[in-house]
Amino acid sequence: MSLIAPDLSDADKVVDTPAPAASPARDAWRMFRRNASAVAGLIILATFLLMTLIGPKLYPVDPFDIVSAPLSPPGEEGALLGTDYLGRDITAGIVNGGRVSLAVGLIAAALTMTIGVTVGALAGFYGGLVDRVLMRLTEVFQVMPPLLLAMAIVTIFSPTLWSVAVSIGIVSWTSSARLTRAEFLRIKGLEYVKAARSIGARNRRLIWRVVLPNALPPLIVSATLTTGVAILFESGLSFLGLGDPNLMSWGRMMGGNRPYMLDAWWAATIPGVAIFLTVLSISLIGDGLNEAFNPRLRER
């Protein structure tokens, strides 16, 4: 009796199944976490955001109340970070002023990106006359001194949180418009856009549902950096006395205590350090996002 071994060659074959590809967002987050400076920036920014959210509840001192003698050094007269030239608590000003500076920065950045992306998308997608008209409009705003234009807008509409944010957004959208236009010019000729057009997709859908999602990575980086620029812009306007007089902000604290810097360095330096750390953290996050979304930088 002969035993014939069954042919298990087919059964023993290992079928190689491709591993599921990681999503772009997860891959970008993995690259972002590898950037130590970007993670440090995220931690610093999260600390400031947490301070502005729960700080006023943990330290319930009105930033406009006079709590001690003017220009008291840090740790004296019950003031943790000292007092300003009127005797107001600098700690309360830092905690409450962060809300104004960050809120104006976020609102202005959102308005900047909305205007810039809309103008750049229309110019890049349609081209021709639309492109020429919108780019000439962009050049008009580029040659205007942004600080002077923002000061004029705030002065005309009276200094409020919203007028400051809107003025910053109006004078800061040109760079995002040019970036969006460049991305649309690059993407609109690709095969998947032509395929979507061939099956009857309208221009509105092509712009907002097909081209724009694929142009988002550099725009996200631009929006991050724009937020930092907007915070600096708001601080500059408040430093010059063009901020909302009913709200405390870091720029206003620096401007009011500027004449006393040689005698009481803490009154203007501490708000300046808060502005510096916030903008630095946003810049580090922007660099990390640029590295995470840019395939050329990933290979380094």
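**Student:** Would you take a moment to explain the nonpolar core for this structure?
**Tutor:** The tendency in soluble globular proteins is for nonpolar side chains to be buried side by side. Counting 25 residues, the largest nonpolar core has F32, I90, I94, W250, M253 and W266 as the members making the most contacts within it. Secondary structure elements with two or more residues in this core: helix 2 (24–33), helix 3 (36–58), helix 4 (90–126), helix 10 (203–239), helix 11 (250–257) and helix 12 (265–293). A per-element tally of this core places helix 12 first, with ten residues. The contacts of W250, once residues within four sequence positions are left out, are F48, M51, G93, I94, G97, G98, S101, P271, A274, I275 and T278. Counting 16 residues, the second largest nonpolar core, distinct from the first, contains M113, F125, L212 and L219.

**Student:** Just checking my understanding: could you explain the layout of surface pockets for this structure?
**Tutor:** Where empty space is left can be seen by rolling a probe of water-molecule size over the atoms. If you add up the space inside the largest pocket, you get close to 260 Å³. Lining the largest pocket are 15 residues, and of these R186, N214, P217, P218 and F293 lie nearest its centre. Mapped by element, the contributors of at least two residues to the lining of the largest pocket are helix 8 (174–187), helix 10 and helix 12. With six residues, the single largest contributor to the lining of the largest pocket is helix 10. Among the residues forming the lining of the largest pocket, the class breakdown is ten nonpolar, three polar and two charged.

**Student:** Explanation requested: the packing of helix 3 against helix 12 in the structure shown.
**Tutor:** With their axes 7 Å apart at the nearest point, helix 3 and helix 12 run at an angle of 135° to one another. Between helix 3 and helix 12, the interaxial angle falls into the category oblique. Handedness of the crossing formed by helix 3 with helix 12: left-handed. Contacts between helix 3 and helix 12 pair S37, A38, G41, L42, I44, L45 and F48 from the former with A274, L277, T278, S281, I282, L284, I285 and G288 from the latter.

**Student:** Would you explain the side chain of S163 in this entry?
**Tutor:** In this structure, S163 sits in helix 7 (residues 161–171). Using a relative accessible area of 10% as the deciding quantity, one classes S163 as buried. There is a polar contact of 2.8 Å between the side chain of S163 and the backbone oxygen of S158. Beyond its immediate stretch of four places on either side in the chain, S163 contacts V154, F157 and S158.

**Student:** Help me out: how do you make sense of empty space enclosed by the protein in this one?
**Tutor:** Here the structure, examined in full by the defined rule, presents two cavities of 30 Å³ or more. Surrounding the largest cavity, P63, D84, Y85, R88, D89, I90, G93, M248, R252, M253 and N257 form its lining. Counting residues per element, the ones that place at least two in the lining of the largest cavity are helix 4 and helix 11. By residue number, the principal contributor to the lining of the largest cavity is helix 11, which donates three residues. Here the second largest cavity is characterised by a volume of approximately 50 Å³. In terms of lining, the second largest cavity is formed by V100, V104, T160, L161, V164, E234, S238, G243, D244, L247 and S249. When residues of the lining of the second largest cavity are traced back to their parent elements, those giving at least two are helix 4, helix 7 and helix 10. Classifying every residue of the lining of the second largest cavity gives five nonpolar, four polar and two charged.

Scoring rules and cut-offs
- Residues numbered from 1 in each chain as written.
- Predicted model: local features only at pLDDT ≥ 70, side-chain atom pairs only at ≥ 80, totals over all residues.
- Heavy atoms only, no water.
- Core = buried A, V, L, I, M, F, W, Y, C linked by side-chain atoms within 4.5 Å.
- Buried < 20%, exposed > 50% of the residue type's maximum accessible area, 1.4 Å probe, protein only.
- Helix = DSSP H or I, 4+ residues; strand = E, 2+ residues; numbered from the N terminus.
- Contact = heavy atoms within 4.5 Å.
- 1 Å grid on protein atoms, 1.4 Å probe; cavity = no way out; pocket = protein on both sides within 12 Å on 5 of 7 lines; lining within 4 Å.
- Points joined across faces, edges and corners; volume = space filled by probe spheres on them.
- Nonpolar A, V, L, I, M, F, W, Y, C, P; charged D, E, K, R; others polar.
- Axes fitted to C-alpha atoms, helices over the stretch in contact; angles between N-to-C directions.
- Parallel < 35°, antiparallel > 145°, perpendicular 65-115°, else oblique.
- Left-handed = near helix turned anticlockwise from the far one by under 90°.
- Polar contact = N/O pair within 3.5 Å; in protein donor to acceptor, adjacent residues only side chain to side chain.

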